[in-house]
Every structure is written in structure tokens, then in C-alpha cells.
Amino acid sequence: MESRRPVDLLPDREASSLAAWLADRPTVEVVCRDRAPFFAQGATAGAPQAVQVADRWHLWHNLSEAAERCVAAHRGCLRVLAPDPAQPTFEPEKFEDPSGSPWPTGHRFADRTRAKHATVHELLAAGLSRRAIGRQLRMTSRTVKLFADAACPEDLFRGQWQGRPSKLDVFKPYLDDRWNQGCTNAWTVWKEIVPLGYQGSYQRVRAYFREKRLSPSPVTARPPSPRAVAGWILRRPETLTEAENLRLKAVLVRCPELEALTGHVRSFGQMLTERQGERLPQWLDAVRRDDLPSLHILAAGIDRDRDAVIAGLTLPWSSGVVEGHVNRIKMLRPTGKWIT
């Protein structure tokens, strides 16, 4: 740990091998390790005089995995506003634009496509050839063919039109919340989200609210994935964008368990970064009071290794500085086989 260089390579991952190596070096004072049982057993047997320190990177990694499992167990909370496709036994009549298009009037790309389609078919009806239309409208022959072969503009709304991401997507949970609070004025909500980083047009917000107003089924944003939510919870709050903060807030309001998980994760992060290992017993007690099974499993494992974890959250030692060397050694293949 002092030289930050490898000094030896054990033949295996057995506790006895580690214990024998340490017994030959009685001056070892600190053993930095992850929480694998054979490391703890070997260090205890071979260097009883040494302080064992649980590595902080591995502690955070273990917490990250437990947090992601917790979020995945509550994935239903992420879909709370999304319509359940298994419930309806009939397809209600959906609102359609007077033109029969699923794309509302005022959509820039849709309106431009309709105008070009109408122009091409008017010129065809007037007797112009496709080549002449291409010269007049400055279109390639392939583009003229696409418009000429389409019976209606809606036939052209495919491919990139389907599922195309929108600048409004990350703000839709906020719009859903404002709609549910009774604010159905698109202009008011548009002015609210512009300072939060929205760079799209007012027409997008108006179209989304118009669809909500006229659709017989609830219109909501696509729910975030469990991995995305876990990532928001695990990151420092100040590193989240305004949009990510909004989406995380919308999730936590609907799920008390995930709100509790967020509190525990951030409390542990503070312990880890500010070296407040003395708070670990209180943190474990708080975790056990909430219905978070994946976090309970982690807490039980930490409790069995409590002294080493407290040392890892208190002392300056950590094996993170040599993890790069560990990974490099694992990747060496002198005999064509991985060294483990």
C-alpha cells in the first residue's frame, strides 16, 4: 500500500495460502481487502496483530448492486401512471386529426410532409412527369417517387418517425405531474420548463397537452428503467441535471420504499467520503427498519465484518490505489489461460 506496487502473487485464493504468506511477515500492520470470506479468514489467522480495512471501492460497489436490485424490485412503481395493457377488453375510439393522421396539425415535420405530398400530387394531376416535378421542386428522383407512390401523407410517417426521441421526453414526467395538479395550460407549463433546460418549441408542449385532453386513455411519459433510476440515486445530487432531478423526484413521490433507499444510499455516501465510520451502527439500524430486502442482505454482510468496514470508513487506507495493478495482473496470459 505504501509503494503502490505489487510485491507478490499468491498461487490461489485459499485462506491458508494468505495466512501462510502473512505469517512469514509479522511486521504487517494493515491489511486492506475486499469482503470475500477467505481474505478475512486468512488475514485473521496469518496476521492477528494487523488492522483489517474493508476497501471503500468494494463497499460502494456492493451498495450499488444492492440499490439496483431494490429499484428493480419496485419497477412497478415506475409504471404507476402508465396504462396497463392487460386491463382493457376493448379498444376505445382514439382522437384523430381531421386529416386522419396520428400526427396533429402544427407538427413541423408532419405539416411540411403534407404540403410536399399535396404539391407533388397536384403537379402529377396536371400532367407533369416525375422528372419535371423533380426539376421544378428541386427534389431527387427518389424523393419524388416516395411522394408520388404514397396514397396519403401518413404513408410516409414511418421509419425515423416511429419512436423518434423528442427534446420534450425528459420533461414529460414534470408535465404529467403539473397536469395531475390541475394545470392544463400548455403556455404556463412551457414557461416553467424553459428555465429548467427545455430547448424545444411551445408547439411540442401544446401537442402533448392536446393529446392528453382529447385521448380517452391516460397519456403519460415512458417510465425510466430501473438501471437509470438506480444511477440517479447513486450519483451525487449536485451532479444530476435539472431534468434528472425532476424525473427522480417524480419516482420518489410515488414510492416511499425508493425514497427510503435514496436516503440510505446518500447517508452511506456521506459516511464514506467524510470518513464517519462511527455512524455505521446507526446506519445499519435505520436500514433494518425499512422494507428493503436487498439492502437487508447487504447490511447483514456488513454487520458480520463490522470492524473492518468501520476501519474502511474511518482510516485513510484503501486498496483502491492498487486496483489497477490487480486488474492488470488478472489480464496477463503467459500460458494462454487467464490467471485468477
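What comes next concerns the included structure.

**So, the overall build of the protein chain**
Of the regular secondary structure elements, the protein chain holds 17 helices and 2 strands. Counting every position in the protein chain, which comprises 340 residues, the buried fraction comes to 38%.

**Quick word on helix α2 (residues 37–46)**
For α2, the complete set of buried residues consists of Phe-38, Ala-40, Gly-42, Ala-43 and Gly-46. Summarising the contacts, the buried residues of α2 are in contact with α1 (15–23), β1 (30–33) and β2 (51–54).

**Thoughts on the side chain of Thr-262**
Residue position: Thr-262 is located in helix α13 (residues 256–274). Excluding anything up to four places from it in sequence, Thr-262 contacts Ile-233 and Leu-252.

**So, unusual backbone geometry**
We note that Arg-138 has phi near 60 degrees; this positive angle belongs to a residue other than glycine. As for its position among the elements, Arg-138 is in the loop between α6 (130–137) and α7 (141–149). Phi at Arg-275 is positive, roughly 55 degrees, even though this residue is not glycine. Mapping Arg-275 onto the fold places it in the loop between α13 and α14 (280–288). Judged by relative accessible area, Arg-275 falls into the partly exposed class, the value being 34%.

**Notes on the packing of helix α8 (residues 172–180) against helix α9 (residues 186–193)**
Relative to each other, α8 and α9 sit at 135 degrees, their axes nearing to 11 Å. Our classification of the angle between α8 and α9 gives oblique. Relative to α9, the crossing made by α8 is right-handed. Two secondary-structure elements touch here, α8 through Tyr-174, Leu-175 and Arg-178 and α9 through Val-189, Glu-192 and Ile-193. Classifying every residue of the contact of α8 with α9 gives 4 nonpolar, no polar and 2 charged.

**Notes on the environment of Leu-261**
Relative to the helices and strands, Leu-261 resides in helix α13. Along the primary structure Leu-261 and Ile-233 are separated by 28 residues, whereas in three dimensions their C-alpha atoms are 8.2 Å apart. Every residue in contact with Leu-261, bar those within four places of it in the chain, is listed here: Ala-67, Cys-70, Val-71, Ile-233, Leu-292 and Leu-295.

What counts as what
- Every chain is numbered on its own, with residues counted from 1 as its sequence reads.
- Two thresholds apply to this predicted model, a pLDDT of at least 70 for residue-level local features and 80 or more for giving and counting side-chain atom pairs, whereas whole-chain, interface and lining totals are computed over all residues.
- Where side-chain values are given, they derive from all heavy atoms of the structure, hydrogens and water being excluded.
- Strands are runs of DSSP state E lasting at least 2 residues, helices are runs of H or I lasting at least 4, and numbering of each runs from the N terminus.
- Type-normalised accessible area, obtained with a 1.4 Å probe on protein chains alone, sets the label of each residue: buried when under 20%, exposed when over 50%, and partly exposed for intermediate values.
- Contacts are assigned to residue pairs that have any heavy atoms within 4.5 Å of one another.
- Angles run from 0 to 180 degrees between N-to-C directions of axes, and those axes are lines fitted to C-alpha atoms, restricted for helices to the stretch in contact.
- For classification, angles of less than 35 degrees are called roughly parallel, those exceeding 145 degrees roughly antiparallel, those between 65 and 115 degrees roughly perpendicular, and all remaining angles oblique.
- For any helix crossing, the convention is left-handed if the near helix is rotated counterclockwise from the far helix by under a right angle, and right-handed if that rotation is clockwise.
- Under the grouping applied here, Gly and all other residues not named as nonpolar or charged are polar, the nonpolar ones being Ala, Val, Leu, Ile, Met, Phe, Trp, Tyr, Cys and Pro and the charged ones Asp, Glu, Lys and Arg.

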